[in-house]
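Structural description and commentary
If you want the building blocks of each chain, they are given just below.
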Amino acid sequence: MAFSRHQRASTFSGIAMTVLFAFASMYIAQIPLIAALGFSPLVIAIILGIFYGNTLYHQVPKEWIPGIKFSMQKMLRLGIILYGFRITFQQIYTVGLPGLVADAIMLTTTFLLGYILGVRFFGLDRDTSILTASGASVCGAAAVLATEGVVKSESYKAAIAVATVVLFGTIAMFLYPFLYPLLDLSPMAFGIYTGATVHEVAQVVAAGVAISPEVMDTGVIVKMTRVMMLVPLLLVLGWFLSGGSGSAGERRAIVIPWFAIMFVVVAGFNSLHLLPQEVINFINTLDLFLLAMAMAAIGMETNISKFRGVGMKPIWVAGILFLWLVVAGYFVSKYSVAFLA
């Protein structure tokens, strides 16, 4: 057992390793150049973890591994739950029906397209296809982490999905400010477009800052509403992975992501505004730290040699999804505002 009397010290040593990596990622993310590029501590943490995991990881005592896995699993779920303190139901109401519709359409179509492309056209395994699709359709690295908790895949597959988020989310960050004067979208519509299609929250902020305060504010609210839609996605995914509509004898127990349900409960509590803003800010910083620990642990458990068997297929899938987000997202955002605002 990880926390038995004889194993406890070694387990805490493994956890301490992920804590150090989380501190490092938080520090690096504050470097002006890195911050300007919009790289979140989560992305930096998994990069550091992968580097360490493929260079010096063999020197880690095997007794420490349970502690690293604890961060990868338990800290991950706690981090997803606390993520609810970033959202209020009032924010969702402020965006209104156009933002909700744009989020729902883009999330659903992007996820389904990613799964179908991965499994049917590119021959990817189911788990990699699902994780790549969730990263593009919902909220980047955080969505990959949450989905991994339902899929229960090998850690390197989550790392592959996060890599696609880094690549195409970074491209989007620079592309959207360039597109703004070229597209016939109002600031509100472009904010919805940004929030409903860009991968990471930090990337939405970075793109919005380069355009206008109105675009950034609308984009962040729409993005956080999209984050909340992760919960119904995980519930449906749990049902699908249990066997869905198959015969009763073939079905597995439905995977219920309780951490995702608690995420909504926390968001509801946050909507009551019972805690001072200083406390909320502290919780959000702690949450980011916990998720960075989980990302570092995933990176440490990721052997780069396993990527060779997958090749460029996830990149191709994620690239097509990126084009879908950019092109289809434009029309969805435009007509959502035109008909529903």
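The structure contained in this document is the topic of the report that follows. Quick caveat, the model's predicted, so the values are computed rather than measured.

**Regarding the overall build of the chain**
A tally of regular secondary structure across the chain gives 15 helices and 0 strands. Taken over the C-alpha trace, the chain has a radius of gyration of 20 Å; the compact-globule value for 341 residues is 20 Å, and the two agree within 12%. With the C-alpha coordinates aligned to their principal axes, the bounding extent of the chain is approximately 65 × 50 × 35 Å. Considering the chain as a whole, with its 341 residues, one finds that 54% of them fall into the buried category. The long-range share in the chain, meaning contacts at least 24 apart out of those at least 6 apart in sequence, stands at 80%.

**Regarding the pattern of salt bridges**
If you walk through the whole model with that rule in mind, you get 5 salt bridges. Asp-287 serves as the salt-bridge partner of Arg-86, at 3.3 Å between the closest nitrogen and oxygen. Here Arg-86 is found in the loop between α4 (65-82) and α5 (89-121), whereas its partner Asp-287 is found in helix α14 (residues 277-300), with 201 residues between them in sequence. Owing to a relative accessible area of 26%, Arg-86 belongs among the partly exposed residues under this scheme. Two residues, Lys-157 and Glu-154, come together in a salt bridge whose shortest N-O distance is 3.8 Å. Its relative accessible area of 10% is what places Lys-157 among the buried residues.

**A short note on the packing of helix α6 (residues 126-139) against helix α15 (residues 313-340)**
Look at α6 against α15: their axes get within 10 Å of each other, and the N-to-C directions meet at 30 degrees. Our classification of the angle between α6 and α15 gives roughly parallel. Remark: the crossing between α6 and α15 carries right-handed chirality. Within the contact between the two elements, α6 uses Thr-128, Thr-132, Ala-133 and Ala-136 and α15 uses Pro-314, Val-317, Ala-318, Leu-321 and Leu-325. Each residue belonging to the contact of α6 with α15 can be placed in one class, and the counts come to 7 nonpolar, 2 polar and no charged.

**A few points about the packing of aromatic side chains**
The tally for this structure, following the rule as stated, stands at 12 aromatic pairs. Relative to Phe-240, the ring of Tyr-115 lies with its centre 5.8 Å away and its plane at 85 degrees, an arrangement referred to as edge-to-face. Of this pair, Tyr-115 sits in helix α5 while Phe-240 sits in helix α12 (residues 230-241), and the two are 125 residues apart along the sequence. Looking at Phe-240, the relative accessible area reads 38%, which means it is partly exposed. An aromatic cluster of three or more residues is present, and its members are Tyr-176, Tyr-180, Phe-190 and Tyr-193. Over the ring of Tyr-83 we find Arg-86, and its NZ or CZ is 4.9 Å from the ring centre.

**What to know about the side chain of Arg-226**
Relative to the helices and strands, Arg-226 is located in helix α11 (residues 213-228). Buried within the structure, Arg-226 lacks any salt-bridge partner; its nearest side chain of opposite charge belongs to Asp-103, at an N-O separation of 5.0 Å. Arg-226 has contacts with Asp-103, Leu-107, Ala-136, Ser-137, Val-138, Gly-195, Ala-196, Thr-197, Val-198 and His-199, leaving out every residue within four places of it along the chain.

**A short note on α5**
The terminal C-alpha atoms of α5 lie 39 Å apart, and with 33 residues this falls more than 12% below the ideal 48 Å at 1.5 Å per residue. Bending of α5 peaks at approximately 100 degrees at the position of Gly-96, with proline Pro-98 no more than four residues after it. Directly after α5, the chain includes Gly-123, whose backbone phi takes a positive value near 70 degrees.

**Overview of α4**
In this model, α4 (18 residues) spans 25 Å end to end at C-alpha, consistent with the 26 Å of a helix rising 1.5 Å per residue. Of all the bends in α4, the largest measures some 30 degrees and sits at Met-75. Among the residues of α4, Ile-65, Gly-67, Ile-68, Ser-71, Met-72, Met-75, Leu-76, Gly-79, Ile-80, Ile-81 and Leu-82 are the ones counted as buried.

**Section: the environment of Pro-232**
Among the secondary structure elements, Pro-232 is positioned in helix α12. For Pro-232, a relative accessible area of 42% corresponds to the partly exposed category. Considered as a pair, Pro-232 and Ala-260 are 28 residues apart in the sequence and their alpha carbons are 8.7 Å apart.

**Re the side chain of Thr-218**
For Thr-218, the location among the structural elements is in helix α11. Given a relative accessible area of 17%, Thr-218 falls into the buried group. For Thr-218, the contacting residues outside a window of four places in its chain are Met-188, Gly-191 and Ile-192.

Definitions and limits used
- Residues numbered from 1 in each chain as written.
- Predicted model: local features only at pLDDT ≥ 70, side-chain atom pairs only at ≥ 80, totals over all residues.
- Heavy atoms only, no water.
- Helix = DSSP H or I, 4+ residues; strand = E, 2+ residues; numbered from the N terminus.
- Rg over C-alpha atoms; globule rule 2.2 N^0.38 Å.
- Buried < 20%, exposed > 50% of the residue type's maximum accessible area, 1.4 Å probe, protein only.
- Contact = heavy atoms within 4.5 Å.
- Salt bridge = Lys/Arg side-chain N within 4 Å of Asp/Glu carboxyl O.
- Axes fitted to C-alpha atoms, helices over the stretch in contact; angles between N-to-C directions.
- Parallel < 35°, antiparallel > 145°, perpendicular 65-115°, else oblique.
- Left-handed = near helix turned anticlockwise from the far one by under 90°.
- Nonpolar A, V, L, I, M, F, W, Y, C, P; charged D, E, K, R; others polar.
- Phe/Tyr/Trp six-rings, centres within 6.5 Å; stacked < 30°, edge-to-face > 60°.
- Lys NZ or Arg CZ within 6 Å of the ring centre and 35° of its normal.
- Lys, Arg positive; Asp, Glu negative; His and termini not counted.
- Expected span 1.5 Å × (residues − 1).
- Bend = angle between axes of the 7 residues up to and from the residue.

On their own, these measurements won't tell you what the molecule is for.
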